[in-house]
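# Chains, contacts and geometry: an overview
This is what each chain is made of:
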Amino acid sequence: DARVTQTPRHKVTEMGQEVTMRCQPILGHNTVFWYRQTMMQGLELLAYFRNRAPLDDSGMPKDRFSAEMPDATLATLKIQPSEPRDSAVYFCASGLRAEQFFGPGTRLTVL
Amino acid sequence: GIQVEQSPPDLILQEGANSTLRCNFSDSVNNLQWFHQNPWGQLINLFYIPSGTKQNGRLSATTVATERYSLLYISSSQTTDSGVYFCAVVDGTSYGKLTFGQGTILTVHP
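Reference entry: report on the structure contained in this document. (Residues numbered from 1 in each chain as written. Chains lettered and ligands numbered in written order. Predicted model: local features only at pLDDT ≥ 70, side-chain atom pairs only at ≥ 80, totals over all residues. Heavy atoms only, no water.)

With that settled, the discussion passes to the interface of chain B and chain A. Residue-level contacts link 16 residues of chain B with 16 residues of chain A. Of the roughly 1500 Å² buried between chain B and chain A, counting both surfaces, carbon and sulfur atoms make up 55%. A per-residue breakdown of the area chain B buries against chain A is headed by Leu 43, Tyr 95 and Phe 100 of chain B, which together make up 37% of the total. Our count for the contact surface shared by chain B and chain A stands at zero salt bridges. Across the contact surface, chain B and chain A share seven residue pairs in polar contact (both at pLDDT 80 or more). (Contact = heavy atoms within 4.5 Å. Buried area = accessible area lost by both parts, 1.4 Å probe. Salt bridge = Lys/Arg side-chain N within 4 Å of Asp/Glu carboxyl O. Polar contact = N/O pair within 3.5 Å; in protein donor to acceptor, adjacent residues only side chain to side chain.)

What follows is the structure, encoded as structure tokens:
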């Protein structure tokens, strides 16, 4: 049963700390997306990769967020330094054609 | 950018009832997906349906792309159907970015 996996599932950290979230896309998928879900903003796109190349990260605060795909089986989203307003659920999604499949999310709480 | 509006925002049903959820979008789309976010927060793919009609068990969906709307039908609802239903679209100017509606919160009582 192919699925997107994300680690950690939950993260509690203090303001100013670095946070790294990881995603393993479905094997063979060539697109990877990072979305963030908050009560106020709903679900919004942060970054997008196709064939490991970043195509759009306009949704990310550039000064503190970075997204990479070191290889085809791993995508990372880093926040440094983290702030309380970054508290949210971060979802990774992958796809081969048009349909996207979501991972279980990382629930981040920044105190 | 494209606007996605879902209605109703909230829906409360008794088990066994039928319901229709609506998704309106403001521009032509290349992709439309319906998701169910369960009480544990997981986003479950229900349908990939940029046009036409599909059925999966008690659920079915119809997208009329020329009129810019999609409908999700839930028949004989069960308590496990509770959660938030999202419609998400990719417009013609985008590369694959999903724009989500605000969701319909469905509560099914036994």
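Picking up where we left off.
The next thing to look at is the pattern of salt bridges. Should their charged atoms come close, side chains of opposite charge can pair. Residues and elements named next belong to chain A. In this structure the tally under the stated criterion is six salt bridges over all chains. Of the charged contacts in the structure, one is a salt bridge between Asp 86 and Arg 64, with a shortest N-O distance of 2.6 Å. Of this pair, Asp 86 sits in the loop between strand 8 (74–79) and strand 9 (88–95) while Arg 64 is found in the loop between strand 6 (53–56) and strand 7 (65–71), placing the two residues 22 residues apart along the sequence. Looking at Asp 86, the relative accessible area reads 1%, which means it is buried. (Helix = DSSP H or I, 4+ residues; strand = E, 2+ residues; numbered from the N terminus. Buried < 20%, exposed > 50% of the residue type's maximum accessible area, 1.4 Å probe, protein only.)

This paragraph deals with the state of the cysteines. Residues and elements named next belong to chain B. Taken as a whole and judged by the stated rule, the model has two disulfides over all chains. Between the sulfur of Cys 23 and that of Cys 87 lies a disulfide, 2.0 Å long from S to S. Between Cys 23 and Cys 87 the disulfide shows an S-S torsion of about -60°. By sign, it is left-handed. Highlighted residues: Cys 23 in strand 3 (residues 19–25) and Cys 87 in strand 9 (residues 83–91), separated in sequence by 64 residues. Look at Cys 87 and you get buried, because its relative accessible area is 0%. (Disulfide = S-S within 2.5 Å.)

Another aspect to go through is the sheet that holds strand 1 (residues 5–7) of chain A. Residues and elements named next belong to chain A. Within the open sheet, the four strands sit side by side as 1-3-8-7. Their pairing is antiparallel. Edge positions in the sheet fall to strand 1 and strand 7, since each of these pairs with one other strand and no more. Here the average twist between neighbouring strands, direction ignored, is 20°. Sheet analysis places strand 1 next to strand 3 (residues 19–24), joined by three bridges and oriented antiparallel. In the strand pairing of strand 3, Thr 7 is matched with Arg 22. (Pairing = 2+ DSSP bridges. Axes fitted to C-alpha atoms, helices over the stretch in contact; angles between N-to-C directions.)

Residue and element names in this part refer to chain B. Sheet architecture is open: five strands sit in the order 1-3-8-7-6, paired in antiparallel fashion. Two strands close off the open sheet at either side, each with one partner strand: strand 1 (4–7) and strand 6 (52–56). Taking the axes of each pair of neighbouring strands and ignoring which way they run, one obtains an average angle of 15° across the sheet. Relative to strand 3, strand 1 runs antiparallel, the two being bridged by four bridges. Bridging from a neighbouring strand, Val 4 pairs with Phe 25 of strand 3.

The next subject is the environment of Val 32 of chain A. All names here are of chain A. Mapped onto the secondary structure, Val 32 falls in strand 4 (residues 31–38). You can call Val 32 buried: its relative accessible area is 1%. A sequence separation of 47 residues divides Val 32 from Ile 79, and the C-alpha atoms of the two residues are 18 Å apart. With residues up to four places along the chain from it excluded, the contact list for Val 32 reads Pro 25, Ala 47, Tyr 48, Phe 49, Met 69, Ala 75, Cys 92, Ala 93 and Ser 94.

Counted by the stated rule, this structure contains nine aromatic pairs over all chains. Between Phe 33 of chain A and Tyr 48 of chain A, the ring centres sit 4.5 Å apart and the planes meet at 25°, which makes this aromatic pair stacked. Taken as a pair, Phe 33 of chain A in strand 4 and Tyr 48 of chain A in strand 5 (residues 42–50) lie far apart in primary sequence, 15 residues in all. The residues Phe 33 of chain A and Tyr 48 of chain A share a single accessibility class, namely buried. Seen in terms of ring centroids, Phe 102 of chain A and Phe 100 of chain B are 6.0 Å apart; in terms of plane orientation they differ by 85°. Their pairing is edge-to-face. (Phe/Tyr/Trp six-rings, centres within 6.5 Å; stacked < 30°, edge-to-face > 60°.)

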